[in-house]
Amino acid sequence: MIRFILLQNRQGKTRLAKYYVPLEDSEKHKVEYEVHRLVVNRDPKFTNFVEFRTHKVIYRRYAGLFFSLCVDITDNELAYLECIHLFVEILDHFFSNVCELDLVFNFHKVYLILDEFILAGELQETSKKAIIERMGELEKLE
Amino acid sequence: MNPFSSGTRLRDMIRAIRACKTAAEERAVVRKECAAIRAAINENDQDYRHRNLAKLMFIHMLGYPTHFGQMECLKLIASAGFPEKRIGYLGLMLLLDERQEVLMLVTNSLKQDLNHTNQYIVGLALCALGNICSAEMARDLAPEVERLLQFRDPNIRKKAALCSIRIIKKVPDLAENFINPTASLLKEKHHGVLITGVQLCTDLCKVSPEALEFFRNKCTDGLVKTLRDMVNSPYAPEYDIAGITDPFLHIRLLRLLRVLGQGDADASDSMNDILAQVATKTESNKNAGNAILYECVETIMSIEDNGGLRVLAINILGRFLSNRDNNIRYVALNMLMKAITVDTQAVQRHRATILECVKDSDASIRKRALELVYLLVNESNVKPLTKELVDYLEVSDQEFKGDLTAKICSIVSKFSPEKIWYIDQMLKVLSEAGNFVKDEVWHALVVVISNASDLHGYTVRALYRAFQTSAEQECLVRVAVWCIGEYGDLLVNNVGMLDIEDPITVTESDAVDVIEIAIKSHTSDLTTKAMAFVALLKLSSRFPSCSERIKDIIVHYKGSLVLELQQRAIEFNSIIMKHQNIRSALVERMPVLDEATFIGKRAGSIPATVSTPTAGSINMPNGIAKPSAAPLVDLLDLSSDDAPAPSSSGGDFLQDLLGVDLLSSSKTSGVNAVSQNGTDALLDLLSIGSPPVQSSPSAHDILSASQDNKTSVSPLDGLSSPSYPNQSTSAGVTPVMDLLGGFAADPPKPEDNGSAYPSLVAFESSSLKIVFNFSKPPGNPQTTLVQAEFTNLSSDNYTDFVFQAAVPKFLQLHLDPASSNTLPASGNGVVTQSLKVTNSQHGKKSLVMRIRIAYKINNKDVLEEGQVNNFPRGL
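The rules behind the values
Residues numbered from 1 in each chain as written. Chains lettered and ligands numbered in written order. Predicted model: local features only at pLDDT ≥ 70, side-chain atom pairs only at ≥ 80, totals over all residues. Heavy atoms only, no water. UniProt positions renumbered as here; feature names shortened; annotations may be inferred. Helix = DSSP H or I, 4+ residues; strand = E, 2+ residues; numbered from the N terminus. Contact = heavy atoms within 4.5 Å. Areas by Shrake-Rupley, 256 points an atom, 1.4 Å probe, with all protein chains shown as cover. Pairing = 2+ DSSP bridges. Axes fitted to C-alpha atoms, helices over the stretch in contact; angles between N-to-C directions. Expected span 1.5 Å × (residues − 1). Buried < 20%, exposed > 50% of the residue type's maximum accessible area, 1.4 Å probe, protein only. Phe/Tyr/Trp six-rings, centres within 6.5 Å; stacked < 30°, edge-to-face > 60°. Lys NZ or Arg CZ within 6 Å of the ring centre and 35° of its normal. 1 Å grid on protein atoms, 1.4 Å probe; cavity = no way out; pocket = protein on both sides within 12 Å on 5 of 7 lines; lining within 4 Å. Points joined across faces, edges and corners; volume = space filled by probe spheres on them. Nonpolar A, V, L, I, M, F, W, Y, C, P; charged D, E, K, R; others polar. Buried area = accessible area lost by both parts, 1.4 Å probe. Salt bridge = Lys/Arg side-chain N within 4 Å of Asp/Glu carboxyl O. Polar contact = N/O pair within 3.5 Å; in protein donor to acceptor, adjacent residues only side chain to side chain.

Going by an unreviewed UniProt entry, chain B carries the name AP-1 complex subunit gamma and comes from Ziziphus jujuba. In its Sequence similarities (unreviewed entry) section, the UniProt entry covering chain B states "Belongs to the adaptor complexes large subunit family."

Chain A is annotated in an unreviewed UniProt entry as AP complex subunit sigma from Manihot esculenta. Under the UniProt heading Sequence similarities (unreviewed entry), the note attached to chain A is "Belongs to the adaptor complexes small subunit family."

Undergrad: Could you give an account of the overall build of chain A, naming the residues involved and the relevant values?
TA: Along chain A, the regular secondary structure elements total five helices and seven strands. Reading chain A from its N terminus to its C terminus gives the helix and strand order β-β-α-β-β-β-α-α-α-β-β-α. Considering only contacts in chain A between residues 6 or more positions apart, those separated by 24 or more positions represent 46%. Just so you have it, chain A exposes about 5,400 Å², and 51% of that area is on carbon and sulfur atoms.

Undergrad: Requested: an account of the sheet that holds strand S6 (residues 798-806) of chain B, with residues and values cited.
TA: Residues and elements named next belong to chain B. One open sheet holds the three strands; their spatial order is S6-S9-S10, and the pairing between them is antiparallel. Where the open sheet ends on each side, the last strands, each with one partner, are S6 and strand S10 (860-868). Each strand of the sheet is rotated relative to its neighbour by a mean of 15°, with strand direction disregarded. Summarising the sheet, S6 and strand S9 (residues 849-857) pair through seven bridges and their orientation is antiparallel. What sits directly across from valine 802, in S9, is alanine 854.

Undergrad: Explain helix H3 (residues 49-62) of chain B residue by residue, including any values.
TA: Residues and elements named next belong to chain B. Helix length check: H3, at 14 residues, gives a terminal C-alpha distance of 20 Å against a target of 20 Å (1.5 Å per residue), a fit within 8%. Here H3 has its buried residues at Arg49, Arg51, Asn52, Leu53, Ala54, Lys55, Leu56, Met57, Phe58, Ile59, His60 and Met61. Just past H3, the residue glycine 63 takes up positive phi, approximately 105°.

Undergrad: Explain the packing of aromatic side chains to me, and be specific about the residues and the numbers.
TA: If you walk through the whole model with that rule in mind, you get 21 aromatic pairs over all chains. Aromatic side chains phenylalanine 67 of chain A and phenylalanine 87 of chain A sit 6.2 Å apart centroid to centroid with 80° between the ring planes, which places their arrangement in the edge-to-face category. Placement of phenylalanine 67 of chain A in strand S5 (residues 65-71) and of phenylalanine 87 of chain A in helix H2 (residues 77-95) is noted, with a sequence separation of 20 residues between them. The residues phenylalanine 67 of chain A and phenylalanine 87 of chain A share a single accessibility class, namely buried. Centre to centre, the rings of phenylalanine 87 of chain A and phenylalanine 117 of chain A are 5.7 Å apart; their planes meet at 5°, and the pair counts as stacked. Highlighted residues: phenylalanine 87 of chain A in helix H2 and phenylalanine 117 of chain A in helix H4 (residues 107-117), separated in sequence by 30 residues. The exposure class assigned to phenylalanine 87 of chain A is buried, which follows from its relative accessible area of 4%. Looking at phenylalanine 117 of chain A, the relative accessible area reads 1%, which means it is buried. Here the aromatic cluster, defined as three or more aromatic residues joined through ring pairs, consists of Phe790, Tyr798, Phe801, Phe803 and Tyr855 of chain B. Lying over the aromatic face of phenylalanine 68 of chain B, arginine 38 of chain B brings its terminal NZ or CZ to 4.1 Å of the ring centre.

Undergrad: If you had to explain empty space enclosed by the protein to someone new, which residues and values would you point to?
TA: By the definition in use, this model includes nine cavities of 30 Å³ or more. Here the largest cavity is characterised by a volume of approximately 270 Å³. Lining the largest cavity are 25 residues, and of these Ala17, Tyr19 and Lys28 of chain A together with His60 and Leu94 of chain B lie nearest its centre. Going through the elements one at a time, strand S2 (14-19) and helix H1 (25-40) of chain A together with H3, helix H5 (82-95) and helix H7 (119-132) of chain B are the ones with two or more residues in the lining of the largest cavity. Residue composition of the lining of the largest cavity, grouped by class: 13 nonpolar, five polar and seven charged.

Undergrad: Break down the sheet that holds strand S1 (residues 2-9) of chain A for me, with residues and values.
TA: Within the open sheet, the five strands sit side by side as S2-S1-S5-S4-S3 (chain A). Their pairing is antiparallel. Only two strands of the sheet have a single neighbouring strand rather than two, namely S2 and strand S3 (49-52) of chain A. Here the strands of the sheet are splayed against their neighbours by 20° on average, with no regard to which way each runs. For S1 of chain A and S2 of chain A, the ladder comprises five bridges, and the chain directions are antiparallel. Paired with phenylalanine 4 of chain A across the two strands is tyrosine 19 of chain A, which belongs to S2 of chain A. Together, S3 and strand S4 (55-62) of chain A form the strand contacts of helix H17 (residues 326-339) of chain B, whose direction differs from that of S3 of chain A by roughly 50°.

Undergrad: Summarise the interface of chain A and chain B; cite the residues concerned and give the values.
TA: In this complex, chain A contributes 60 residues to the contact, which on the side of chain B involves 67 residues. In total, chain A and chain B occlude about 5,800 Å² of area from one another, counting both sides; carbon and sulfur atoms represent 55% of this. When the buried area of chain A at its contact with chain B is split by residue, Leu78, Phe105 and Phe107 of chain A rank highest and sum to 12% of it. There are nine salt bridges connecting chain A and chain B. Between arginine 255 of chain B and aspartate 75 of chain A there is a salt bridge whose closest N-O contact spans 3.1 Å. Seen at the junction of chain A and chain B, the total is 26 residue pairs in polar contact (both at pLDDT 80 or more). Put simply, the parts of the chain that give the side of chain A that touches chain B at least two residues each are S2, H1, S3, H2, helix H3 (100-105), H4, strand S7 (122-123) and helix H5 (128-141) of chain A. The element contributing the most residues to the side of chain A that touches chain B is H2 of chain A, with eight residues. Residue composition of the side of chain A that touches chain B, by class: 27 nonpolar, eleven polar and 22 charged.

Pasting the structure below:
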């Protein structure tokens, strides 16, 4: 199960933070700070997995943005790596060539996409097309 | 209208924040926005409520407090339109979590929305419920979610399925309601519904054994077929990743099969074919394919044994391990850890590759590999593996050295085939990474060295060499200092030379150099320095030629600001200066430390210290007459950093001796010293423990006694003459006592021989009376035989009668069994018990004793205690 999802830039600014387990605000800030420290300085040749407290963080870097998933120690790391990539493809498709600024100004839409992709810490939909279509329907209701 | 609330759009606010050049500017902008939003909240502004909440979410993401907006979420959720509800639910998920009380207020809105006619609103409610629902909400809303599992729109069904996972995790009791609807989800064709259904099924199996049984019997075949269809499906662009149709679904299915197959041969059997197909047919050139293979291997390893499949799985891991991609190697190491319990031999084949991974630059890989190597070690490969690890220790990163040394030490102590190898490896580790070694590790090493008497010379020479190159490694220095103190003579004289050694020439002064460096080094901590002092004292006796120099070093520390060092310096100096005659006996080599006791102690079982005389003749607990093992282990128990610890270390032993030593110095130093004796005895009494001693009277007693005896002390003057018996060699603390006993034994006092002493009422209460009768065995004035008579003054019989006595350290007590453990009522019979007391301070101190009597009256426990101070003088 995914414990939380973080999207941070290289400076450590959080662009998206979704927690599927309850945490205090102060604890959330600590977690965000620690995860950023863990992933930001790793060599690109290194594994995309770092142990974090009693869990592990699967992260992947796209340009200046780090996508990090914190998952259970028994979860399939490679699958979650693929999962990050699928999420990025969906964002890319939705914003047509996504960049950090898109995510900043449309952060609420990013949350909306995420809610169509992952729910309760589990994968909800694996088709990029289905999610994009669903987003189109929701946009029409605005 | 409020001038603020019309204010900025969300986009403008974000822009304004991004334009800030400093953190202070940003705070100012945020503060202004927050003030405007609060004002709008107070005015209950409807029009901009959802815009304000969106702003608050952004502000929250930046890390500012936004709790004041929580109620706004609830208001938005309660409003009618979809855009308002959408922002409201988003805010609810971001700003609140399941622990807030406010959440209770939202349950009703959620219930309404779950029953809404607009399926998009139902979707919003399900999403919020799935992400933040609490146990209470789960109970309240479970029926709605259960119903939605059969909703016509697949988007709702899949959301409801994931919501159900959260519900059954919060309230496992609800699991059985979900079993049937889940079974129908597993038959779906829609990938989204199927993958969520499979996940729900997996979680149901985890929380409910009935569910596991149900799905295992009813759904295993269906799931196998679904997986087969997936594997054989033609190209499906919508779900295709790297040429594989929906790898995520593959993985979820494999995981569910694993849960169903674990511990059930039939279910495992029915999935063998498809697992073999996945393991052989899946493309492994892309991450997606490897993810499936990885999951498949884990399933094969977990379900019931099928030899062929396991070979296949181990081969896949072998391929993974040699992959250039670090991610793949990482998961291979991870899986090999699980495989090792299934097939050790197969994993052993990859040992060389795994060992290479320990040296990887990536900490994640190193850590996995090291743990795996640790599991791979056995008696046959311990030597080459340890060599590799120790060699790597030299070049490894600082932050990895801690983990690595801990593992090496553990391997070496667990599998060492012989002592010399153990000592060699430990010395290598100490030289490379002595600062990372934990205390118990080098304590254990000292115990082993102490037990390997044929290797003492070899070890001390090896340590001497290691010290020359690695004097900055604290733990190495400690072990070296200890060994040189103990075995310095073997170092200098090249005693016990082994064939493999190069001869070295070490002079006595070289050996002292080592200790001096350890004392003077700024990196040495208090423990090391304190140990070095003990070593110096020992060397001063072993190397008479260096005695003067050692004295100078010690004298230098008499003014040390560190109390422990100052005390040691003063005490040791006094030994060197004034007590040449007993010094060599004081600094005897430590007796062999008992390994079993050390290990037992480490495991937390502390040897019992209380003994009772009922079991027959056991010497009483004053620490002296106990078997040597336990107290000696205490010497090693240098509980590391805290300052007082060292004094209980090597010092413990010595301080005991010194306490004794002070007593014998009384012959030169008049009344002061005598009164010191008094307090000393008092301390001794206190150290016996149990309830607080009525100290002052006894102290006076002893004091006056010793003062009275001062005249009789004079013959002791003769003791400093070299004629004292040099019979001090055997083990333990006892010989030292004997030794001191020897002093007093020399001048026998004629009055002692066999003379009669008056009887003494040692204890009298309304119920019990104890009388002591004394006699002296001829020719041994130190020893007193005491015949204790117990009389029952009450009208009830006493059963389980036990008499216990404790004496200070200068006395030794031997209790014989009592004549009976039942004491008849009203003085109708007497129980007797004989005691033998040996007074090592005979002639200077009187006997003193604390007594305790335990018995039962009509099965009720009674305990009486007392102290006997009025023994006749001269005993």
